[in-house]
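Structural characterization, general
One-letter residues, chain by chain:
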Amino acid sequence: MSTSSRVLRADRFQSLLAALAFSVGVACFVAPAHADDLGDFEQARQAYEAQAYPRAVAAFSALVGTNPPRIGDRLLVLESRKYLAASLLFVREPARAKEQFRLLLAEEPEYMLDPLAFPTEVLALFEQTKSEMQRAAQAQLQEEQRRLEETLRGRRDAEKQRRDNLARLVGLAEQGELRNQNSRWVASLPFGIGQFQNGHSGLGVALAMSQGIAAAVSGVSFLAHQRLRDERPSPALVDEARQREALWRNTNIGAFAVFAGLAVLGILDAHVRFVPESVAPVRRQLPPDLQRWIEEQQP
């Protein structure tokens, strides 16, 4: 096969150096590893170096093919998965090879393959698996961030709803009503007083202003007419005096008639649309225990 030939043509001296370095590393950092585990690993790796990939697959699978792996040393597990993945790829089982790379990267996310020790197919599958796991981890991180933001937003909304409910409760607790019994005698008064009592303020203002103007004009014209009684005009001004007297008298009569008519209409309206009881909102003082509870609920 093409990939096997390329592996066979790899620099033997470099492979020997890599094997020596690995053995030294194992001796220094993997002292607790059992001698049998290290020996089994060396035999499996010798099968891989000899390009006996089916035998290498079986040997490495015996080491890390179970869950949990048979061997307990972390470095041996990582190395075994690496060689098992490469061997699986050489025997045309890329799915199983990818799974071994996934397990390796799950334990050591920053792991890197030596580009001089493995052919392009192995490196490509390793990098593909690593990229997929990084994207999956990023997606999971973004999903967790989204869920966290949703949780925080839900808590803020719940806190706002709680404050709103508390404000409504306070408003309802402080809201009171003052009820007054209306009087028919008050409804019989002019100047829109009956309308104000019934709660018809707009009409009350109109009647008060119009009746007030009519009463003022009637009063002024009455006084002006009364002043004419003391005048003694000359014969030449008698006609003019009579005209002024008629003007003030007619003005007084007309203004009083307007006042009286508006007063009667206002009184009739106040009685026809009489409201027996008026309700006015008032602010109540909260009981001390409720006030303390509200203060405890506020942040």
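Reading the values: rules and limits
- Residues numbered from 1 in each chain as written.
- Predicted model: local features only at pLDDT ≥ 70, side-chain atom pairs only at ≥ 80, totals over all residues.
- Heavy atoms only, no water.
- pLDDT = per-residue confidence, 0-100.
- Helix = DSSP H or I, 4+ residues; strand = E, 2+ residues; numbered from the N terminus.
- Contact = heavy atoms within 4.5 Å.
- Axes fitted to C-alpha atoms, helices over the stretch in contact; angles between N-to-C directions.
- Parallel < 35°, antiparallel > 145°, perpendicular 65-115°, else oblique.
- Left-handed = near helix turned anticlockwise from the far one by under 90°.
- Nonpolar A, V, L, I, M, F, W, Y, C, P; charged D, E, K, R; others polar.
- Core = buried A, V, L, I, M, F, W, Y, C linked by side-chain atoms within 4.5 Å.
- Buried < 20%, exposed > 50% of the residue type's maximum accessible area, 1.4 Å probe, protein only.
- Phe/Tyr/Trp six-rings, centres within 6.5 Å; stacked < 30°, edge-to-face > 60°.
- Lys NZ or Arg CZ within 6 Å of the ring centre and 35° of its normal.
- Salt bridge = Lys/Arg side-chain N within 4 Å of Asp/Glu carboxyl O.

1. Comments concerning the confidence of the model for the protein chain
When pLDDT is averaged across the protein chain, the result is 81; 82% of the residues are at 70 or more. In the model of the protein chain, helix H1 (residues 2-8) stands out as the element of lowest mean pLDDT, 39, in contrast to helix H6 (residues 94-107), which has the highest, 96. In this model, residues 1-33 is a region of pLDDT below 50 whose contacts with residues beyond four sequence positions or in other chains number 31 contacts.

2. Some details on the packing of helix H5 (residues 74-90) against H6
Between H5 and H6, the shortest axis-to-axis distance is 8 Å and the interhelical angle comes to 160°. Here H5 lies roughly antiparallel to H6, going by the angle between them. Crossing angle aside, the handedness with which H5 passes H6 is left-handed. Taken together, the residues of H6 that come into contact with H5 (itself represented by Arg74, Val77, Leu78, Arg81, Lys82, Leu84, Ala85, Leu88 and Leu89) are Pro94, Arg96, Ala97, Gln100, Phe101, Leu103, Leu104 and Glu107. For the contact of H5 with H6, a count of residues per class yields 11 nonpolar, 1 polar and 5 charged.

3. Observations concerning the nonpolar core
The biggest cluster of nonpolar side chains holds 31 residues, and the ones touching the most others in it are Tyr48, Phe60 and Val122. For this core, the element with the highest residue contribution is H5, accounting for 10 residues. Leaving out residues up to four positions away in the same chain, Phe60 has contacts with Phe41, Ala44, Arg45, Tyr48, Gly65, Ser80, Tyr83, Leu84 and Ser87.

4. Some points on the packing of aromatic side chains
Taken as a whole, this structure holds 12 aromatic pairs when the rule is applied. Judged by centre distance (4.4 Å) and plane angle (50°), the rings of Tyr53 and Phe90 are tilted. On the criterion of sequence distance, the pair formed by Tyr53 in helix H4 (residues 53-64) and Phe90 in helix H5 is long-range, its members being 37 residues apart. Clustering of aromatic rings is evident, with ring pairs tying together Phe41, Tyr48, Tyr53, Phe60, Tyr83, Phe90 and Phe118. For the cation-ring pair, Arg184 lies above Phe274, with the distance from its terminal atom to the ring centre recorded as 4.0 Å.

5. Observations regarding the side chain of Gln195
The residue Gln195 is located in helix H9 (residues 193-198) in this model. Aside from chain neighbours lying at most four places away, what touches Gln195 is His200, Ser201, Leu203, Gly204, Leu207, Gly266, Asp269 and Ala270.

6. Re the pattern of salt bridges
With the rule as written, the count across this model stands at 15 salt bridges. Between Lys82 and Glu79 there is a salt bridge, with the nearest N and O atoms lying 2.8 Å from each other. Note that Lys82 and Glu79 are positioned in helix H5 at a spacing of 3 residues, about one turn of the helix. Here Arg273 and Asp269 are joined by a salt bridge, their closest N and O atoms 3.0 Å apart. Classification of Arg273 by relative accessible area gives partly exposed; the value is 38%. Asp269 sits in the buried class, given a relative accessible area of 19%. Each of Glu143, Arg146, Arg147 and Glu150 takes part in salt bridges that share partners, so that together they form one network.

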